[in-house]
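Structural characterization, general
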Amino acid sequence: MKVKELSDIIDGRVLTGEVGLETDVTGMYACDLLSWVMSHVNKGNAWITVHTHLNVAAVALLTEASCVIIPESISVEEATIKKAVQEGIVIISTKLSAYEICCRACKAGI
Amino acid sequence: MGLSNVLKLHFDIPANDFVSAGEASSSVKKTLSQLGIAPQVIKKSAIAMYEAEINAVIHANGGTADIEIDQDKVIIKIQDEGPGIPDLDLAMQEGFSTAPDTVRQMGFGAGMGLPNMKRYADELKINTEVGRGTTVIIRVNFA
Ligand SMILES: Nc1ncnc2c1ncn2[C@@H]1O[C@H](COP(=O)(O)OP(=O)(O)O)[C@@H](O)[C@H]1O
Ligand SMILES: [Mg+2]
C-alpha cells in the first residue's frame, strides 16, 4: 500500500504536500520513546507518534519511515512541517487515536 | 574511494539544541548511502551515532563529531566537555537515566542510548572523566 492510500484509509490530512506519497508502506509502528523508535522502526514503516517537535523529522529520516502519523488532531509545529518538507518526509494528521489508526490499517491489510 | 583513502567529516553539535539534534547523524547517513554501504550497516551506524549525538546535546552542552570512513569501517567519535559520567557501569544499564522531565516529555531520556550504542556498534569505547567530559568512539565494520 502507498502512503497516499494509507492516509485516505485513516481520514488523514497530509501536511507536507505531494512529496513521498507514492512510497510503499511496509508496516506500522506506534511509540513515543525515541530510542525505542530508532532501533525498532523498519524502513518503510508508518510511524505513529504524539511528538511534533523537530526531532521527529530527524528520527523519521534516520529510520527511513515512509511517513509520520500524528493522531488525535494534535497540532504540528510549523517548523517541523518545514523541516519534513525539506527532507522529503511525509507527515499525516488524523483525528483518530493510535489504536484506531492501527485497526484501520490492519483491516486494510497492513 | 581509493584503497588508502580515508574520508573525514567534522560536525559541531550545538548545546541544548533539539532543533538541529540529529543533523550530524543524518548527514553521515547520507554520505554512507552515497558511498553504497550496505543498508544494515548504515542503520547500525545511524542509530549508534544518533544516540551519542543526542547524549551530547542533552547531557553535556553539545560537543563535536568526527567521522572517519575508510574501505572497511566507519569510526564515529563524539566528544564533549560536559560533566562526565560518574558511574559508567550504572549508566550502561538499560533504563538508567538522569535526563530531566522536560527532556523526557520530548521522548528522549529512556535510558536506552548507551545500551543501543553497545548493541549496534561493533566496538564501543567510552572515555569519561567527571568535570572534564566524555568521548564516545563507535566503530561499525562494513563486512
Ligand atoms: N555525554 C554524556 N555526558 C554526561 N553524562 C552522560 C553522557 N551520556 C550519557 N550520560 C549519562 O548516562 C545516562 C544514560 O545515558 P543513556 O543510556 O543515553 O540514557 P538517556 O540519555 O536516555 O538518559 C544519562 O542519563 C546520563 O546520566
Ligand atoms: Mg541518551
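Note that the structure is predicted; figures quoted are calculated from it, not measured.

The helix and strand inventory of chain A stands at five helices and five strands. Whereas a compact globule of 110 residues would reach a radius of gyration of roughly 13 Å, chain A reaches 12 Å, a difference of no more than 12%. Along the first, second and third principal axes, the C-alpha atoms of chain A reach 30 × 25 × 25 Å. Taking all 110 residues of chain A together, the buried fraction comes to 53%.

What follows covers the site of ligand 1. All names here are of chain B. In the neighbourhood of ligand 1, 19 residues make up the surrounding shell, with Asn55, His59, Ser97, Thr98 and Gly111 lying closest. One of the backbone nitrogen or oxygen atoms of alanine 110 is found 3.1 Å away from an oxygen atom of ligand 1. Within the backbone of leucine 114, one N or O atom sits 2.9 Å away from an oxygen atom of ligand 1. Within the complex, the protein chains bury 94% of what would otherwise be the 530 Å² of accessible surface of ligand 1. A majority-of-atoms criterion places ligand 1 in the largest pocket.

This brings us to the confidence of the model for chain B. Across chain B, pLDDT averages 95, with 98% of residues at or above 70. Taken over the whole predicted complex, pTM reads 0.94, whereas the ipTM for its chain interfaces reads 0.89.

Residues and elements named next belong to chain B. Here the largest pocket is characterised by a volume of approximately 580 Å³. Residue lining of the largest pocket: 34 residues in total, with Asn55, His59, Ile85, Thr98 and Leu114 positioned closest to the centre. Only helix 2 (39-60), strand 3 (73-80), helix 3 (88-91), helix 5 (113-120) and strand 5 (133-141) provide two or more residues apiece to the lining of the largest pocket. Considering every element that reaches the lining of the largest pocket, the biggest residue donor is helix 2, with eight residues.

Applying the stated criterion across every chain yields a total of one cavity of 30 Å³ or more. Roughly 40 Å³ of internal volume is contained in the largest cavity. For the lining of the largest cavity, the elements supplying multiple residues, two or more each, are helix 3 (55-63) and helix 4 (78-87) of chain A together with helix 1 (23-34) of chain B.

Below, the discussion takes up the sheet that holds strand 4 (residues 123-129) of chain B. Residue and element names in this part refer to chain B. Here five strands make up an open sheet; going across it, the order is 1-2-3-5-4 and the pairing antiparallel. The sheet is open, and its two edges are formed by strand 1 (7-13) and strand 4, each paired on a single side. Each adjacent strand pair in this sheet contributes to an overall mean axis angle of 10°, direction not counted. In terms of strand pairing, strand 2 (residues 63-69) meets strand 3 through seven bridges, oriented antiparallel. Pairing of glutamate 68 across the sheet is with isoleucine 75, part of strand 3. The strands touched by helix 1 are strand 1 and strand 2; relative to strand 1, the strand with the most contacts, the crossing angle is about 165°. Relative to the sheet, helix 5 contacts strand 4 and strand 5, its axis offset from that of strand 4 by approximately 145°.

Before going further, it helps to spend a moment on the environment of Pro71(A). Residues and elements named next belong to chain A. Its location among the elements puts proline 71 in the loop between strand 4 (67-70) and helix 4. Its relative accessible area of 3% is what places proline 71 among the buried residues. Measuring from C-alpha to C-alpha, the distance between proline 71 and isoleucine 48 comes to 7.1 Å, with 23 residues separating the pair along the chain. Discounting residues that sit within four places of it in the chain, proline 71 has contacts with Ile48, Thr49, Val50, Thr94, Leu96, Ser97, Ala98 and Ile101.

A word on the interface of chain A and chain B. Across the boundary between the two partners, chain A contributes 20 residues, which contact 25 residues of chain B. The interface formed by chain A and chain B includes three salt bridges. Here Lys83(A) ties to Glu23(B) by a salt bridge, and the two come within 2.6 Å at their closest N and O atoms. Taken together, chain A and chain B are joined by 15 residue pairs in polar contact (both at pLDDT 80 or more). Sorting the residues of the side of chain A that touches chain B by element identifies helix 2 (34-40), helix 3 and helix 4 of chain A as the ones contributing at least two each.

Definitions and cut-offs
- Residues numbered from 1 in each chain as written.
- Chains lettered and ligands numbered in written order.
- Predicted model: local features only at pLDDT ≥ 70, side-chain atom pairs only at ≥ 80, totals over all residues.
- Heavy atoms only, no water.
- Helix = DSSP H or I, 4+ residues; strand = E, 2+ residues; numbered from the N terminus.
- Rg over C-alpha atoms; globule rule 2.2 N^0.38 Å.
- Buried < 20%, exposed > 50% of the residue type's maximum accessible area, 1.4 Å probe, protein only.
- Near = heavy atom within 4 Å.
- Polar contact = N/O pair within 3.5 Å; in protein donor to acceptor, adjacent residues only side chain to side chain.
- Areas by Shrake-Rupley, 256 points an atom, 1.4 Å probe, with all protein chains shown as cover.
- 1 Å grid on protein atoms, 1.4 Å probe; cavity = no way out; pocket = protein on both sides within 12 Å on 5 of 7 lines; lining within 4 Å.
- Sits in = over half its atoms within 2 Å of the grid points.
- pLDDT = per-residue confidence, 0-100.
- Points joined across faces, edges and corners; volume = space filled by probe spheres on them.
- Pairing = 2+ DSSP bridges.
- Axes fitted to C-alpha atoms, helices over the stretch in contact; angles between N-to-C directions.
- Contact = heavy atoms within 4.5 Å.
- Salt bridge = Lys/Arg side-chain N within 4 Å of Asp/Glu carboxyl O.

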